[in-house]
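One letter stands for each residue in the lines below.
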Amino acid sequence: MLKTIIKKEVLETIFSYRFPLFAVICLLLIPLGMMVNQASYAKRVRDYSEQVRLADEAASKLKIQDVMAGTVAIKGFRRPAPLSVFTQGFESTLPRYYEFTQDGFKPGESASDDESILSVQGKVDFVFLVQMVISLIALLFASDMISGEKESGTLRAMLANRLPRDTLLAGKIEGGDLALWVPFLIAFLLGAVVLMLGAFPLFAGGAAGRVLVIFLATSLFVLTYFTIGIAVSTSAAKARTSLVAILIVWAAFQLIIPKLGDMVARLVYPVRTETEISLQKSLLVRSLDMDQAKELGRQWDLIFGSLSQEARDKQDSPENKKWEPIRDDIQQRTREKKSQQLAAIDETYTQERRRQQNLAVNLSLISPSAAFARLLADVCGTGELERAKYLEAVRAHQKALDNELFSKVKRTLMIHEGGQMSMGFSAMPVDASKLPKFVITSATMAEAFKANVRSLLSLLFWLIAPFAFAYAKFIKYDVR
Amino acid sequence: MAKQQPILKTDDLSKRYEDGVLAVDHLNLNIYPGEVYCLLGANGAGKTTTINLFLNFIPPTTGTCYVNGIDVTKDPLEAKKYVSFVSENVMLYGNFTARQNLDFFAKLGGKTNLAKNDYYQVMRRVSLQEKAFEQRVKNFSKGMRQKLGISIAVIKDAPAVLLDEPTAGLDPKAAEEFLEILDELKKEGKAILMSTHDIFRAKEIGDRVGIMKEGRLVMERTREELQYEDLVKIYIDYMKSEPLTLS
């Protein structure tokens, strides 16, 4: 009986006027979207390679004097994520590189200056098409599956037979979804072929496994929307009513809830920008450096103030022996203070962001679309996880550079009584070729899933709840 | 007619809708194999509700419906094995061909091993034109749809057939052809319950004719009794009479 219903649903869907439209949309837009994004990815990789080459070249010529003069900034570039061909996520809003200096790191320009609100939800890429177009089509296909059959009377004709309602419902969901899934599968495979023809590394570095996850997650997502459509259809007596309800549901899930979640979180927990934080840190460093310079000047004046220039220049004089530990102590205390206060700023900022993000994520996850976008962005290495990994790598690199490079240079700025300034330099040799390389460790699939437990739960809820709701409704559905 | 066990039976059946309307009021019916029972009545008299109760589309408020001795409320799926249903506007899938529709509903009716020729044979039996067999149903006339609808009932081969105003909107020729098929089904021993507004055809085909008014079966006559009575006059008299007191 189930097979009969599935077959009928598949045929009915295929024969409907909507099906060719859906097939064309899938077969045209999905491969085309992948092709366009693949070209964009290839360009970004070329840009990245060129920038890294130039940066490496500059680093190989690095002289300690440049570091002493503060005229050099070491740059750490982020390689574009290959799977951004599926979803852009934060790809275009993440800084292409970070600059590392003695005073800390700061973000460079982002890959795109497009600050569109859609950049978080996904540009016109595979995920966008699935979220905005295929989900709507799945809902529309499902919208009249129950109410439409009631209106045409075929529901009565079917249920006048020995056909359990749960079997009918299951058959409708399976059959209808299968009819949608096949064109989607073909379009996806076509897209994969397009990528491979464009020399995309589809089978390199575990990409194939991730692509499979993308496909499976998308299939489940389409099924979720189809089931939601069926649930709406069982709640309406007329096909027109369910169509209106479905458009409202779609708008709520795609446009309202995710954006509203973000807006509410921004209002409730406002967070400063990364640039503001960089500025705050720079000001703090400058202020501490000035305090240090004044303290050094004061101490120097106490020790050397009454001496002649000749006596001051004597390296082994008792005054110099007294001065060195005092200087080192002041510098050490400043370093510690700087380190503590900078860490505190970072920690506060991280907490602020985490609090805002948690609220935004929790609210947006009411929508299965937001959950899907979030999950896929992390699987593709363009999501929140990638941003965190990027920042983690930046902090680690800064620390490594502090040890290997910046600590080799000591600038002793002093501000004497009366406002006069003097500066002393000392530097140890640095082998530029041995400087640490900037590396971002990509998140593993396990990490992506772990970071997306809430997204997975949301998707699971939206897969099960509408089915349970549709079942409860349909068992008592008035078929007359 | 030999008195056997009724295939279709209601036992003090009543249905009151949530809005308070009493659609069926203490109805007792027995329809036997090889019998056509025509249920006459104005719109809202309770004819379609009675059929819906037999199909368990709605639960009765009190009383019981039986199909082939099976309590419809207690075991609806088993009861539906023994009943075919044809409605006023035969419900078919417009994008399917006549054969595809027949194939689908035959499978739902439990006939899973039929070949193309079996379907063609049934469609020939109900006088559907050959060229229509593989045509999409959406362009069919009402008469063609009714023929296909009855072919679904024929192919299911259930002992009971429920017909909800099947001749409404049919031209005289199509209606006549339809009744011929019904007559054949009757001869095969099917118990047929047909709700209709068509007094003349009810008299022509019905072994018994009942008139429903406000949910009650207010009159019942056999074919023999109607030879000496004017059914039209009886019907109009009942329709004109004072409203019944609702229980």
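Residue numbers restart at each chain and count upward from 1, following the sequence in its written direction. Throughout, the order in which chains and ligands are written sets their labels, letters from A for the former and numbers from 1 for the latter. For a predicted model such as this one, the threshold for reporting local features is a pLDDT of at least 70, and the threshold for listing and counting side-chain atom pairs is 80 or more; totals across whole chains, interfaces and linings nevertheless cover every residue.

**Q** Tell me about the overall build of chain A, and please be specific about residues and values.
**A** Secondary structure summary: chain A contains 17 helices and five strands in total. For a compact globule of 480 residues, the expected C-alpha radius of gyration is about 23 Å, and chain A comes in at 31 Å, more than 25% above that figure. Along the first, second and third principal axes, the C-alpha set of chain A runs to 115 × 45 × 30 Å. When the 480 residues of chain A are sorted by exposure, 37% land in the buried category. Note that contacts rest on C-beta atoms placed from the backbone: two residues are in contact if these are within 7 Å. A separation of at least 24 residues holds for 82% of the contacts in chain A among residues at least 6 apart in sequence. By definition, any uninterrupted DSSP run of H or I lasting at least four residues is a helix, any uninterrupted run of E lasting at least two residues is a strand, and each is numbered from the N terminus. Both definitions apply: the radius of gyration is a C-alpha atom measure, and the globule rule equals 2.2 Å times residues to the power 0.38. Neighbour density around each residue's C-beta defines its exposure: 20 or more other C-beta atoms within 10 Å make it buried, 12 or fewer make it exposed, and counts between make it partly exposed, where C-beta atoms are placed from the backbone.

**Q** Before we move on, could you go through the sheet that holds strand E5 (residues 70-71) of chain B and cite the residues and values that matter?
**A** Residues and elements named next belong to chain B. Two strands pair under a simple rule: DSSP has to find at least two bridges between them. In space, the four strands of this open sheet follow the order E2-E1-E4-E5, with antiparallel pairing throughout. The open sheet has two edge strands, strand E2 (22-31) and E5, and neither has a second partner. Direction of pairing for strand E4 (residues 62-67) relative to E5: antiparallel, over a ladder of two bridges. Each residue of the ladder has a partner; that of valine 67, found in E5, is isoleucine 70. Packing against the sheet, helix H1 (residues 47-54) makes contact with strand E1 (8-16), E2 and E4, and its axis sits at approximately 65° to E2. Note on method: axes are straight lines fitted to C-alpha atoms, helices fitted across the in-contact stretch only, with angles between N-to-C directions ranging 0 to 180 degrees.

**Q** Please set out the interface of chain B and chain A residue by residue, giving values where relevant.
**A** At the interface, 20 residues of chain B touch 19 residues of chain A. Among the secondary structure elements, those contributing two or more residues to the side of chain B that touches chain A are helix H2 (76-80) and helix H3 (98-108) of chain B. For the side of chain B that touches chain A, the leading source of residues is H3(B), giving four residues. Classification convention: Asp, Glu, Lys, Arg as charged; Ala, Val, Leu, Ile, Met, Phe, Trp, Tyr, Cys, Pro as nonpolar; all other residues, Gly among them, as polar. The residue makeup of the side of chain B that touches chain A, split by class, is 11 nonpolar, six polar and three charged.

**Q** Please give an account of helix H11 (residues 274-304) of chain A that cites residues and values.
**A** All names here are of chain A. With 31 residues, H11 extends 44 Å between its outermost C-alpha atoms, agreeing within 8% with the 45 Å of an ideal straight helix rising 1.5 Å per residue. Within H11 the residues assigned to the buried category are Ile277, Lys281, Gln292, Ala293, Leu296, Gly297 and Trp300. On the buried face of H11, the contacting elements are strand E3 (104-107), helix H13 (318-364) and strand E4 (409-415). What a helix should span is 1.5 Å times the count of its residues minus one.

**Q** Outline the domain arrangement of chain A, supporting the account with residue identities and numerical values.
**A** All names here are of chain A. Looking at chain A, the domain boundaries give domain 1 (1-268 + 365-383 + 453-480) and domain 2 (283-362). Of note, the centres of domain 1 and domain 2, computed from C-alpha atoms alone, are 51 Å apart. Domain 1 puts 10 residues into the contact, and the matching count from domain 2 is seven residues. It is helix H10 (residues 239-268) that provides the largest number of residues to the side of domain 1 that touches domain 2, a total of six residues. For the side of domain 1 that touches domain 2, a count of residues per class yields four nonpolar, two polar and four charged. As used throughout, domain bounds are those supplied by an automatic or database domain assignment.

**Q** Give a description of the confidence of the model for chain A that names residues and reports values.
**A** Residues at a pLDDT of 70 or more form 96% of chain A, whose mean pLDDT is 86. Every residue gets a pLDDT, meaning the predictor's confidence in that residue, from 0 to 100. Within the model, the stretch residues 113-122 of chain A combines pLDDT values under 50 with 16 contacts to residues more than four positions away or in other chains.

**Q** Tell me about the nonpolar core, and name the residues and values.
**A** Within the largest apolar cluster, 151 residues are counted, with the highest numbers of intra-cluster contacts made by A:Ala138, A:Phe226, A:Leu376, B:Phe54, B:Leu102, B:Leu162 and B:Ile192. Examining the composition of this core, we find that 12 residues originate from one element, helix H9 (residues 207-235) of chain A, more than from any other. Beyond its immediate sequence surroundings of up to four residues, A:Ala138 is in contact with A:Leu180, A:Val222, A:Tyr225, A:Phe226 and A:Gly229. Core analysis: the next-biggest nonpolar cluster, separate from the first, contains 13 residues, A:Val72, A:Leu391, A:Leu401 and A:Phe438 among them. Take the buried Ala, Val, Leu, Ile, Met, Phe, Trp, Tyr and Cys residues, join any whose C-beta atoms are within 7 Å, and the set you get is a nonpolar core.

**Q** Go over the environment of A:Pro436 with me, naming the residues and quoting the values.
**A** Residues and elements named next belong to chain A. You can see proline 436 is positioned in the loop between strand E5 (421-427) and helix H16 (445-451). Spatially, the C-alpha atom of proline 436 lies 36 Å from that of alanine 360, the residues being 76 residues apart in sequence. Here proline 436 is in contact with His397, Ala400, Leu401 and Glu404, once residues within four sequence places are set aside.

**Q** Residue-level account of the sheet that holds strand E1 (residues 74-77) of chain A, with values.
**A** Residues and elements named next belong to chain A. Strand order in the open sheet formed by three strands is E1-E2-E3, with antiparallel pairing between adjacent strands. The open sheet terminates on both sides in strands that have one partner only, identified here as E1 and E3. The mean inter-strand angle of the sheet, taken between neighbouring strand axes irrespective of direction, is 25°. The sheet contact formed by strand E2 (residues 97-101) and E3 spans four bridges and is antiparallel. Opposite tyrosine 98, over in E3, you have proline 107 as the bridge partner.

**Q** Got a sec to walk through the pairing of E1(A)? Specific residues and values, please.
**A** Each regular strand shows side chains that alternate between the opposite faces of the sheet. All names here are of chain A. In E1, alternate side chains face the same way, and those of Ile74 and Gly76 on one face and Lys75 and Phe77 on the other are all buried. Two elements, E1 and E2, share four bridges in a ladder whose sense is antiparallel. In the sheet register, lysine 75 faces E2, and the bridge partner there is glutamate 99.

**Q** So, the domain arrangement of chain B: which residues are in play, and what are the values?
**A** All names here are of chain B. Considered domain by domain, chain B is made up of domain 1 (1-82 + 158-247) and domain 2 (89-157). When each unit is reduced to the centre of its C-alpha atoms, the spacing between domain 1 and domain 2 is 25 Å. Counting from both sides, the interface comprises 11 residues of domain 1 and, opposite them, 10 residues of domain 2. Broken down by element, the side of domain 1 that touches domain 2 gets its largest block of residues, four residues, from helix H6 (residues 172-187). Along the lines of polarity and charge, the residues of the side of domain 1 that touches domain 2 split into seven nonpolar, one polar and three charged.

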